[in-house]
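Observations on chain architecture
Listed below, chain by chain, are the residues.
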Amino acid sequence: MYKTKAYSTASATSRLASTSIPRRDPTGRDAQIEILFCGVCHSDLHTARDQWHDVMPTVYPCVPGHEIVGRVLKIGSGVTKYKVGDVVGVGCLVGADHSCPNCKAGLEQFCPNQTMTYNSPDKHGTAPVTYGGYSTSIVVDERFILRIPSKLDLAGAAPLLCAGITTYSPMRHWGVTKGKKVGVVGLGGLGHMGVKFAHAFGAHTIVFTTSPSKKEDALRLGADEVVISKNADEMKKHAGSFDFMLDCVAAPHDINAYINLLARDGNLTMVGAPDKPLPVSVFGLIFGRRSFSGSPIGGIAETQEMLDFCGNHNITADVEVIPIQKVNEAYERMLKSDVKYRFSIDMASLKSE
Ligand code: NAP
Ligand code: ZN
């Protein structure tokens, strides 16, 4: 066991602050990774503030962070995929049972015995729960470590590990391709990646935003059209026309307004995870045989596929790089939808603390 610097929160109402946390020594299939950048996901905020208490109560102290890019520092004797010095990534998962039907299908995100990167019981017993990427190093089983394509900017690559795969996976699942009309709701960290992927897959991509000031950015990111969702007339124009919509909104909102925009057999997938239930009018689903579903991150193989796709198409997140000392401010700005379009923490700032 060794100690590493981190930022943690002590309660749902505390600010994140500097601390020191234990990590296990890398043995067997473990690699010790020096963290270079960590993206700031809205799930970090939901968890730090215990907003998902009924589903996943937060255990304190909590160290968030699951969009990790770093360099391999040390490997256990059983590691075969990586060597010291490799540039690698870690997303939301660091453990699974490898034996359930989901794992066997390469869908570790559905494993009932999975370990999340933070706030999961720590099966190694190093701490009560796992601690995430707001820290200078982490030790992870190589089966949950991803290879980062060499030409990608590292600060912008970090958010691919959650925001990237969370938007890529449902678009692949629901067949987003050329000729499809696709909506992306909420232009934040996830939403802006959704726009990049929908555009790269050749779909006609329409962004729905509550922020008129994001219109130009949406078009630059690859949207073909932008709808200001507060404008009922603009919304009405698209009634019954979408093949697929991806809802990336972090707060409660009127979901029926979007279900009504789906074409026959269209699908609306939630990746946004508001802390309160969303009332759904079943008639919106019945008339049109539409479906409403959800999707969590993606499996390890698909995450690597997504990273390689990004390497080939030169896709990264648009990031605002911040020192860790600004993370509390970043949370407040995230709540005001003031993110362009992902904060990425430069972990060198923590080393010098
Ligand atoms: P984010 O960067 O804060 O973006 C959320 C966006 O939602 C905002 O930028 C805003 O876009 C829109 N929005 C915010 N409040 C709104 C409101 N009251 N009504 C309508 N729109 C609103 O968050 P994120 O990191 O992309 O995460 C989005 C959600 O996905 C979070 O709930 C997060 O926990 C969840 N998530 C889920 C998974 C998964 O596996 N399913 C993975 C990661 C994250 P506009 O300004 O364009 O309106
Ligand atoms: Zn996330």
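Below you will find a few notes about this structure. (Residues numbered from 1 in each chain as written. Chains lettered and ligands numbered in written order. Predicted model: local features only at pLDDT ≥ 70, side-chain atom pairs only at ≥ 80, totals over all residues. Heavy atoms only, no water.)

Neighbouring residues of ligand 1: 29 residues in total, closest Thr209, Thr210, Ser211, Lys214 and Arg342. In this structure, Leu187 approaches ligand 1 through a main-chain N or O atom, which is 2.7 Å from an oxygen atom. Note that a nitrogen atom of ligand 1 is positioned 3.0 Å from one of the backbone N or O atoms of Val271. Against a free-state accessible area of 920 Å², the protein chains account for coverage of 88% of ligand 1. Elements with a minimum of two residues in the shell around ligand 1: α1 (42–48) and α5 (189–200). Here the shell around ligand 1 is composed, by residue class, of 14 nonpolar, 13 polar and two charged. (Near = heavy atom within 4 Å. Polar contact = N/O pair within 3.5 Å; in protein donor to acceptor, adjacent residues only side chain to side chain. Areas by Shrake-Rupley, 256 points an atom, 1.4 Å probe, with all protein chains shown as cover. Helix = DSSP H or I, 4+ residues; strand = E, 2+ residues; numbered from the N terminus. Nonpolar A, V, L, I, M, F, W, Y, C, P; charged D, E, K, R; others polar.)

To continue, consider the packing of helix α4 (residues 163–173) against helix α10 (residues 300–313). Running from N to C, α4 and α10 point in directions that differ by 100°, and their axes come no closer than 10 Å. Comparing their axes, α10 and α4 come out roughly perpendicular. Contacts between α4 and α10 involve Gly164, Ile165, Tyr168, Ser169 and Arg172 from the first element and Glu302, Thr303, Glu305, Met306 and Phe309 from the second. Across the contact of α4 with α10, the residue classes break down as four nonpolar, three polar and three charged. (Axes fitted to C-alpha atoms, helices over the stretch in contact; angles between N-to-C directions. Parallel < 35°, antiparallel > 145°, perpendicular 65-115°, else oblique. Contact = heavy atoms within 4.5 Å.)

Overall, the coordinates contain 18 salt bridges when judged by the stated rule. When the shortest N-O distance is used, the salt bridge between Asp338 and Arg333 registers 2.9 Å. According to the relative accessible area criterion, Asp338 is partly exposed, its value standing at 30%. Three or more residues are tied together by salt bridges with common partners; here these are Lys196, Asp217, Arg220 and Asp318. (Salt bridge = Lys/Arg side-chain N within 4 Å of Asp/Glu carboxyl O. Buried < 20%, exposed > 50% of the residue type's maximum accessible area, 1.4 Å probe, protein only.)

Within the largest apolar cluster, 92 residues are counted, with the highest numbers of intra-cluster contacts made by Tyr134, Met171, Phe197 and Tyr331. If we skip the residues at most four places from it in the chain, Met171 touches Val176, Val184, Gly194, Phe197, Ala198, Phe201, Phe244 and Leu246. (Core = buried A, V, L, I, M, F, W, Y, C linked by side-chain atoms within 4.5 Å.)

The next point concerns the coordination of the zinc ion (ligand 2). Each protein donor to the zinc ion (ligand 2) is listed here as Cys41 (SG), His66 (NE2) and Cys162 (SG); together their distances run 2.0 to 2.2 Å. Coordination of the zinc ion (ligand 2) draws on donor residues from a single chain, spaced C-x24-H-x95-C in sequence. Taken together, the residues His66 in the loop between α1 and β4 (68–75) and Cys162 in the loop between α3 (154–157) and α4 connect sequence positions 96 residues apart. Cys162 carries the same exposure label as His66, and that label is buried. (Donors = N, O, S within 2.8 Å, 3.2 Å for Na, K, Ca; no water.)

Structurally, Ala198 is set in helix α5. What makes Ala198 buried here is its relative accessible area of 0%. Separated by 56 residues in sequence, Ala198 and Asp254 place their C-alpha atoms 23 Å apart. Discounting residues that sit within four places of it in the chain, Ala198 has contacts with Met171, Val176, Val182, Ala203 and Thr205.

Everything listed here is a matter of coordinates, which is why it stays silent on function.
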